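Reading the structure
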Amino acid sequence: MVLCEIAIVACDLAEVLGTAIKLHLLFHLPLVTRRLAVLPTAILVAAKGDRGAAELVILSQGILSLQLPFAVVPLVSFTGRRDGMDRFANPRWLACAAWAATSLTVVLNTALLLNLVRH
(Lines give C-alpha, C1' and ligand atoms only; values in the text may rest on other atoms or scores of the structure.)
Protein backbone atom coordinates (compact mmCIF):
# COMPACT_ATOMS: atom_id res chain seq x y z
CA MET A 1 0.00 0.00 0.00
CA VAL A 2 2.76 2.42 0.94
CA LEU A 3 4.70 1.64 -2.23
CA CYS A 4 1.62 2.41 -4.31
CA GLU A 5 1.18 5.76 -2.57
CA ILE A 6 4.87 6.60 -3.04
CA ALA A 7 4.56 5.76 -6.74
CA ILE A 8 1.57 8.09 -7.10
CA VAL A 9 3.37 10.93 -5.33
CA ALA A 10 6.42 10.28 -7.54
CA CYS A 11 4.20 10.52 -10.64
CA ASP A 12 2.85 13.84 -9.40
CA LEU A 13 6.39 15.09 -8.85
CA ALA A 14 7.35 13.92 -12.33
CA GLU A 15 4.40 15.81 -13.76
CA VAL A 16 5.45 18.99 -11.98
CA LEU A 17 9.03 18.60 -13.19
CA GLY A 18 7.86 17.87 -16.73
CA THR A 19 5.74 21.00 -16.66
CA ALA A 20 8.72 23.00 -15.43
CA ILE A 21 10.85 21.75 -18.30
CA LYS A 22 8.09 22.49 -20.82
CA LEU A 23 7.67 26.02 -19.46
CA HIS A 24 11.41 26.52 -19.71
CA LEU A 25 11.48 25.31 -23.32
CA LEU A 26 8.38 27.25 -24.39
CA PHE A 27 8.73 30.51 -22.49
CA HIS A 28 12.38 30.46 -21.36
CA LEU A 29 11.37 30.61 -17.70
CA PRO A 30 14.27 29.70 -15.44
CA LEU A 31 14.09 26.17 -14.08
CA VAL A 32 15.16 27.45 -10.67
CA THR A 33 11.83 29.22 -10.16
CA ARG A 34 9.87 26.18 -11.35
CA ARG A 35 11.80 23.88 -9.03
CA LEU A 36 10.26 25.76 -6.14
CA ALA A 37 6.94 24.12 -7.07
CA VAL A 38 8.35 20.75 -5.97
CA LEU A 39 9.60 22.00 -2.63
CA PRO A 40 6.23 22.15 -0.79
CA THR A 41 5.38 18.61 -1.90
CA ALA A 42 8.74 17.28 -0.79
CA ILE A 43 8.38 18.97 2.60
CA LEU A 44 4.87 17.58 3.10
CA VAL A 45 5.93 14.05 2.17
CA ALA A 46 8.88 14.26 4.56
CA ALA A 47 6.72 15.68 7.37
CA LYS A 48 3.70 13.41 7.03
CA GLY A 49 5.51 10.13 6.37
CA ASP A 50 3.48 6.97 5.90
CA ARG A 51 0.50 8.17 7.93
CA GLY A 52 -0.35 11.13 5.75
CA ALA A 53 0.61 9.70 2.37
CA ALA A 54 -2.97 8.78 1.47
CA GLU A 55 -4.20 12.25 2.44
CA LEU A 56 -1.46 13.84 0.33
CA VAL A 57 -2.38 11.69 -2.66
CA ILE A 58 -6.04 12.68 -2.37
CA LEU A 59 -5.09 16.34 -1.98
CA SER A 60 -2.73 16.27 -4.96
CA GLN A 61 -5.31 14.57 -7.16
CA GLY A 62 -7.92 17.11 -6.09
CA ILE A 63 -5.60 19.97 -7.01
CA LEU A 64 -4.79 18.36 -10.35
CA SER A 65 -8.50 17.91 -11.10
CA LEU A 66 -9.01 21.64 -10.51
CA GLN A 67 -6.13 22.47 -12.85
CA LEU A 68 -7.37 20.17 -15.61
CA PRO A 69 -9.84 22.61 -17.22
CA PHE A 70 -7.08 25.20 -17.60
CA ALA A 71 -5.22 22.76 -19.83
CA VAL A 72 -8.12 21.08 -21.60
CA VAL A 73 -10.19 24.14 -22.61
CA PRO A 74 -7.37 25.78 -24.64
CA LEU A 75 -6.42 22.39 -26.11
CA VAL A 76 -9.96 21.62 -27.29
CA SER A 77 -10.35 25.17 -28.57
CA PHE A 78 -7.10 25.14 -30.53
CA THR A 79 -7.49 21.65 -32.03
CA GLY A 80 -10.95 22.52 -33.33
CA ARG A 81 -9.85 25.65 -35.20
CA ARG A 82 -9.21 25.37 -38.93
CA ASP A 83 -7.18 28.59 -39.05
CA GLY A 84 -4.62 27.20 -36.60
CA MET A 85 -4.66 23.49 -37.38
CA ASP A 86 -5.56 23.57 -41.10
CA ARG A 87 -6.21 20.02 -42.29
CA PHE A 88 -5.28 18.56 -38.90
CA ALA A 89 -8.17 20.25 -37.10
CA ASN A 90 -10.67 18.01 -35.36
CA PRO A 91 -13.78 17.18 -37.38
CA ARG A 92 -16.97 18.83 -36.13
CA TRP A 93 -18.29 15.64 -34.48
CA LEU A 94 -15.04 15.17 -32.54
CA ALA A 95 -14.92 18.84 -31.54
CA CYS A 96 -18.51 18.58 -30.24
CA ALA A 97 -17.65 15.42 -28.30
CA ALA A 98 -14.52 17.07 -26.88
CA TRP A 99 -16.49 20.16 -25.80
CA ALA A 100 -19.15 17.93 -24.21
CA ALA A 101 -16.51 15.98 -22.25
CA THR A 102 -14.75 19.20 -21.27
CA SER A 103 -18.00 20.79 -20.11
CA LEU A 104 -18.86 17.72 -18.07
CA THR A 105 -15.41 17.77 -16.48
CA VAL A 106 -15.70 21.45 -15.58
CA VAL A 107 -19.18 20.95 -14.10
CA LEU A 108 -18.07 17.93 -12.05
CA ASN A 109 -14.94 19.70 -10.82
CA THR A 110 -17.03 22.72 -9.83
CA ALA A 111 -19.43 20.45 -7.94
CA LEU A 112 -16.45 18.80 -6.20
CA LEU A 113 -15.04 22.17 -5.20
CA LEU A 114 -18.39 23.41 -3.88
CA ASN A 115 -18.85 20.17 -1.95
CA LEU A 116 -15.40 20.51 -0.38
CA VAL A 117 -16.04 24.15 0.57
CA ARG A 118 -19.39 23.31 2.21
CA HIS A 119 -17.91 20.53 4.33
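Structure shown above.
Conventions and cut-offs
- Residues numbered from 1 in each chain as written.
- Predicted model: local features only at pLDDT ≥ 70, side-chain atom pairs only at ≥ 80, totals over all residues.
- Heavy atoms only, no water.
- Helix = DSSP H or I, 4+ residues; strand = E, 2+ residues; numbered from the N terminus.
- Buried < 20%, exposed > 50% of the residue type's maximum accessible area, 1.4 Å probe, protein only.
- Contact = heavy atoms within 4.5 Å.
- Patch = residues over 30% accessible without salt bridge, like charges linked within 9 Å, V, L, I, M, F, W, Y side chains within 5 Å.
- Areas by Shrake-Rupley, 256 points an atom, 1.4 Å probe, with all protein chains shown as cover.
- Salt bridge = Lys/Arg side-chain N within 4 Å of Asp/Glu carboxyl O.
- Expected span 1.5 Å × (residues − 1).
- Axes fitted to C-alpha atoms, helices over the stretch in contact; angles between N-to-C directions.
- Parallel < 35°, antiparallel > 145°, perpendicular 65-115°, else oblique.
- Left-handed = near helix turned anticlockwise from the far one by under 90°.
- Nonpolar A, V, L, I, M, F, W, Y, C, P; charged D, E, K, R; others polar.

Here we take up the overall build of the protein chain. Along the backbone of the protein chain there are six helices and zero strands. Listing every helix and strand of the protein chain by position from the N terminus yields α-α-α-α-α-α. Evaluated residue by residue, the protein chain yields a buried proportion of 18% over its 119 residues. Long-range pairs, those at least 24 residues apart, make up 48% of the contacts in the protein chain with a sequence separation of at least 6.

Here V106 shows up in helix α6 (residues 92-118). For the pair V106 and L68, spaced 38 residues apart in the sequence, the C-alpha separation amounts to 8.4 Å.

This next bit is on a nonpolar patch on the surface. On the surface, L66, L113 and V117 cluster together to form a nonpolar patch covering roughly 250 Å² of accessible area. Following the sequence through the fold, L66 ends up in helix α4 (residues 53-79).

Another aspect to go through is α6. For α6, with 27 residues, the first-to-last C-alpha span of 39 Å sits near the 39 Å given by 1.5 Å per residue. For α6, the full list of buried residues reads A95, A98, T102 and N109. Buried-residue contacts for α6 involve α4.

Turning our eyes to something else, we now look at the packing of α4 against α6. At their nearest, the axes of α4 and α6 sit 10 Å apart, and the two run at 160 degrees to each other. Put simply, α4 runs roughly antiparallel to α6. Our pair here, α4 against α6, has a crossing hand that is left-handed. In this structure, α4 contributes S65, L66, L68, P69, V72, V73, V76 and S77 to the contact, and α6 contributes A98, W99, T102, T105, V106, N109, L112 and L113. Residue composition of the contact of α4 with α6, grouped by class: 11 nonpolar, five polar and no charged.

As a further point, take the side chain of N109. Relative to the assigned elements, N109 resides in helix α6. Not counting residues up to four positions away in its chain, the partners in contact with N109 are S65, L66 and P69.

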